[in-house]
Amino acid sequence: MTGGASAQRDDAWTRARVAAALFAVDPLQSGVTLRAPPGPARDAWLALLRAYLPEGAPMRRAPLAIADDRLLGGLDLAATLRAGRPIAETGLLAQTDGGVLVLAMAERHSSATAARFVAALDDGRIELARDGLAGRQDCRVGLVALDEGHEPDERPPAALLDRLAIHLDLEGLRPCGGRAWEVTPQDVVAARARLADVVTPHEAIAALVVAAARLGVLSLRAPLLARRVARAACALRGGRVVEDVDLEVAARYVLAPRATCLPAPPDETADAAPDETDASPEEPKNDNEGRAQQALEDVVVAAARVALPADLLARLEQGERSRAPSPRGGHSGAERVSARRGRPMNVRRGAPRDGRLSLIDTLRAAAPWQTLRRAETPDAPPLALRIRPEDFRVRRFRERRGTAAIFVVDASGSSAAQRLAEVKGAIELMLADCYVRRDSVALVAFRGKRAEIALPPTRALARAKRLLAALPGGGGTPLALALDAAAALADSVRRKGQTPLVVLLTDGKANIDRAGAPGRARALEDALSAARGLRDAGYAALAVDSSPVASGADAPTRKIADAMQARYLRLPFVDAARLSQAVRAAAISA
């Protein structure tokens, strides 16, 4: 490792340590998202945070599959059966009141589960109304969301991310000593004591709001969270009034990770000398205040610009929002409720034949009524527990359907060899993680006067390589036949419970119509008709224009994309990695 790389690693780890101190100064009803796989860096950061927290403050971990009764509280079944009356059990959120809750694998949590944590962060208390119980419990907690996503789109739910002040990325880091900003737990304790007296001037608040707008941060919570971090930074350095250096810290930790655009350069005309002939006597004072405010805003934006994610430009080039998670948490394929398989959801009243019986929840439903039921039937045989049909609870499951990407590849003409080679590479890249994403791929190739399914939907990489290796190219362009074949294959995929995604890769120069006769005009009309058929069937689609000549809105591939209501992507020089990335992005929104 070079000296420069080592220094960058040290600086990154130092920033992570500073983030732990900033969060520990004012942790309640805020949080940190920690993007890192399990390893020494993440463990060291959590241990550091533990050392910074107040003595005695709880720090608990919430597993991925935590049930509502464990998280929010509910009926204590054993105590209820012993006492013969409902006994409430405190949930994990209430047990962590005044401390920090570590949320494991946050990127896999559903929006419904995230809503529980969001409500706790917003209100600082939970309303318990279940199992015949009613009450209110305090749960003022700080949240550390562990993000173990492998892909850029695998992120925690958006509502949760919006409420977590600091977004940290520890991937590739190793804990080290750091070169500056040695903050001791005693420093954090002193800062926590000073925090209530820290004042934020109006000019500082305005600078944060304007900087957020210039960085394309749409959330109104971001400036508020930035103000909290700025106050914590001020308290850590021993100040009483938030200054420029504190705003710079807030910009780096809060605003920069949320940026969705590059900020415009400072307006140099604002520094130009005012026209003395038009100036009134009171204007110089206002101008000085305006320039000072502008300078403060530029300082905040400049600090955020330094900390912008390294891949922001690449993501902007692809039309993606910065770090924007998908509503489904980055997984492909639609979801459906299942009675037998999938990830457990909630329980509901029902007969055992309607799904899997949840024994514990059935007992919970029956427990509060035991005293009353024994009184109703005093002559009945003595039973430990009297369960009636209305007590039965069955668990529901959420089953995720995988996505089947159907590549419809133009194998005609002289460029077919290169195009097919890149498509083969993209398919192999997608198959590499099929087992994780439950995706499958298929290939419809068209050339000459026919279109054929060269590769049926599969996840088998070896089989795909063997079939793709023998795929020929050359001949005419029967685009309409290919789209018809893709529609039939998509229908078959949908019937099997998967979500089809049609990926058309062509230059759009159709010259064979549906009847197999040559003629460009008729062939294009047939292709547009077939494309509209895909649209009417509701299939998601991506049209990749491989034509080397740009022709704007009149490009035949764009017309076909519009007819399919497909996303249009022009890649005159297709490469496997970019094509695979584009297909994955389209699959998320399918």
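Please refer to the structure placed before this passage.
Residues numbered from 1 in each chain as written. Predicted model: local features only at pLDDT ≥ 70, side-chain atom pairs only at ≥ 80, totals over all residues. Heavy atoms only, no water.

**Some details on the overall build of the chain**
Phase 1: The secondary structure content of the chain amounts to 22 helices and 19 strands.
Phase 2: Within the chain, contacts between residues separated by at least 24 positions form 79% of all contacts whose residues are at least 6 apart in sequence.
Phase 3: As displayed, the chain offers around 27,700 Å² of accessible surface, 53% of which is attributable to carbon and sulfur atoms. (Helix = DSSP H or I, 4+ residues; strand = E, 2+ residues; numbered from the N terminus. Contact = heavy atoms within 4.5 Å. Areas by Shrake-Rupley, 256 points an atom, 1.4 Å probe, with all protein chains shown as cover.)

**A few points about the environment of leucine 173**
Phase 1: Within the secondary structure layout, leucine 173 lies in the loop between β9 (166–169) and α8 (185–194).
Phase 2: A relative accessible area of 15% means that leucine 173 is categorised as buried.
Phase 3: For the pair leucine 173 and arginine 42, spaced 131 residues apart in sequence, the C-alpha separation works out to 9.0 Å. (Buried < 20%, exposed > 50% of the residue type's maximum accessible area, 1.4 Å probe, protein only.)

**Digging into the sheet that holds strand β18 (residues 540–545)**
Phase 1: Within the open sheet, the 6 strands sit side by side as β16-β15-β14-β17-β18-β19. Their pairing is mixed. Edge positions in the sheet fall to β16 (450–458) and β19 (567–570), since each has one partner strand and no second. On average, adjacent strands in this sheet sit at an angle of 15° to one another, irrespective of strand direction.
Phase 2: Summarising the sheet, strand β14 (residues 403–410) and strand β17 (residues 499–506) pair through 7 bridges and their orientation is parallel. Of the residues in β17, the one forming a bridge with valine 408 is leucine 504. (Pairing = 2+ DSSP bridges. Axes fitted to C-alpha atoms, helices over the stretch in contact; angles between N-to-C directions.)

**Re the side chain of glutamine 137**
Phase 1: Note on placement: glutamine 137 falls in strand β7 (residues 133–138).
Phase 2: For glutamine 137, a relative accessible area of 19% corresponds to the buried category.
Phase 3: Residues in contact with glutamine 137, not counting those within four places in the same chain, are Leu72, Thr90, Gly91, Ala94, Arg125 and Ile126.

**Considerations on the pairing of β17**
Every other side chain in a regular strand lies on the same face of the sheet, so the side chains alternate between the two faces.
Phase 1: In terms of burial, β17 is a largely internal element, 8 of the 8 residues being buried.
Phase 2: Both faces of β17 are covered, namely the face carrying Thr499, Leu501, Val503 and Leu505 and the face carrying Pro500, Val502, Leu504 and Thr506.
Phase 3: Bridging between β17 and β18 involves 6 bridges; their strand directions are parallel. Along β18, the bridge assignment pairs valine 502 with alanine 541.
Phase 4: Assessed by its sense of winding, the connection that carries the chain from β17 through helix α20 (residues 520–537) to β18 is right-handed. (Right-handed = clockwise from strand over helix to strand, strands pointing away.)

**Digging into the packing of helix α10 (residues 221–236) against helix α11 (residues 244–255)**
Between two packed helices, what matters for the description is the angle formed by their axes and the separation of those axes.
Phase 1: Between α10 and α11, whose axes approach to 8 Å, the crossing angle comes to 130°. Taken together, the axes of α10 and α11 lie oblique to each other. α11 is crossed by α10, and the crossing has right-handed handedness. Residue-level inspection shows Ala222, Leu225, Ala226, Val229, Ala230, Ala233 and Cys234 of α10 in contact with α11, the latter providing Asp246, Leu247, Val249, Ala250, Val254 and Leu255.
Phase 2: The residue makeup of the contact of α10 with α11, split by class, is 12 nonpolar, no polar and 1 charged. (Parallel < 35°, antiparallel > 145°, perpendicular 65-115°, else oblique. Left-handed = near helix turned anticlockwise from the far one by under 90°. Nonpolar A, V, L, I, M, F, W, Y, C, P; charged D, E, K, R; others polar.)

**Details of the pairing of strand β15 (residues 440–447)**
Phase 1: Burial analysis of β15 places 7 of its 8 residues in the buried class, the great majority of the element.
Phase 2: Note: β14 against β15, 7 bridges, orientation parallel. By the bridge assignment, aspartate 410 is partnered in β15 with phenylalanine 446.
Phase 3: Bridge count for β15 against β16 is 6 bridges, and the pairing is antiparallel. When the bridges of β16 are listed, valine 441 appears paired with threonine 458.
Phase 4: Linking β15 back to β16 in an antiparallel pair, the connection comprises 2 residues, with glycine 448 at a positive phi of about 65°.

**Overview of the nonpolar core**
Phase 1: Judged by nonpolar contacts, the single largest core of 68 residues is most densely connected at Leu22, Trp45, Val144, Ile166 and Leu255.
Phase 2: The element contributing the most residues to this core is helix α1 (residues 3–25), with 11 residues.
Phase 3: Apart from residues no more than four positions distant in its own chain, leucine 255 is found in contact with Leu208, Ala211, Ala212, Leu215, Val217, Ala222, Ala226, Ala250 and Val300.
Phase 4: The next biggest cluster of nonpolar side chains, apart from the first, holds 33 residues, and it includes Val408, Leu528, Ala530 and Tyr568. (Core = buried A, V, L, I, M, F, W, Y, C linked by side-chain atoms within 4.5 Å.)

**Things to note about the sheet that holds strand β8 (residues 142–147)**
Phase 1: What the 5 strands build is an open sheet, ordered β2-β5-β8-β1-β9; its pairing is parallel. The two strands at the open ends of the sheet, each matched to only one other strand, are β2 (59–62) and β9. With direction set aside, neighbouring strand axes in the sheet form an average angle of 20°.
Phase 2: By the bridge criterion, 4 bridges tie strand β5 (residues 100–103) to β8 in an arrangement that is parallel. Note that in β8 the partner of valine 102 across the bridge is valine 144.
Phase 3: Across the sheet, helix α2 (residues 40–52) lies against β1 (31–35), β2, β5, β8 and β9, angled at about 175° from β8, the strand it touches most.

**Thoughts on the packing of helix α9 (residues 202–214) against α11**
Phase 1: Relative orientation of the contacting elements α9 and α11 amounts to 35°, with a least axis distance of 11 Å. Crossing handedness for the pair α9 and α11: right-handed. When α9 is examined against α11, the residues Ala204, Leu208, Ala211 and Ala212 are found in contact with a partner set consisting of Leu247, Ala250 and Leu255.

**Notes on the environment of glutamate 89**
Phase 1: Here glutamate 89 is to be found in strand β4 (residues 88–90).
Phase 2: When its relative accessible area of 30% is taken as the criterion, glutamate 89 is described as partly exposed.
Phase 3: Sequence separation between glutamate 89 and glycine 73 is 16 residues, and the spatial gap between their C-alpha atoms is 5.4 Å.
Phase 4: Residues within four places of glutamate 89 in sequence aside, it is in contact with Gly73, Gly74, Leu75, Asp76 and Arg364.

**Focus on α2**
Phase 1: The end-to-end C-alpha distance of α2, which contains 13 residues, comes to 18 Å, matching closely the 18 Å that a straight helix rising 1.5 Å per residue would cover.
Phase 2: Looking at α2, one finds that the buried residues are Ala41, Arg42, Trp45, Leu46, Leu48, Leu49 and Tyr52. Angularly, the buried residues of α2 cover 155° about the axis, an arc narrow enough to put them on a single face. (Expected span 1.5 Å × (residues − 1). Arc of directions from axis to C-beta.)

**Some details on the pattern of salt bridges**
Phase 1: One pass over the full model with this rule turns up 23 salt bridges.
Phase 2: One salt bridge in this structure joins arginine 35 and aspartate 147, with 2.7 Å as the shortest N-O distance. With arginine 35 in strand β1 and aspartate 147 in strand β8, the pair connects residues that are 112 residues apart, well separated along the chain.
Phase 3: On the accessibility criterion, aspartate 147 (0% relative accessible area) is buried.
Phase 4: Across the pair glutamate 127 and arginine 136 runs a salt bridge whose closest N-O atoms are separated by 2.8 Å.
Phase 5: When salt bridges that share partners are traced, they join Arg35, Asp147, Arg155 and Glu171 into one network. (Salt bridge = Lys/Arg side-chain N within 4 Å of Asp/Glu carboxyl O.)

The quantities given are spatial measurements derived from coordinates; they are silent on function.
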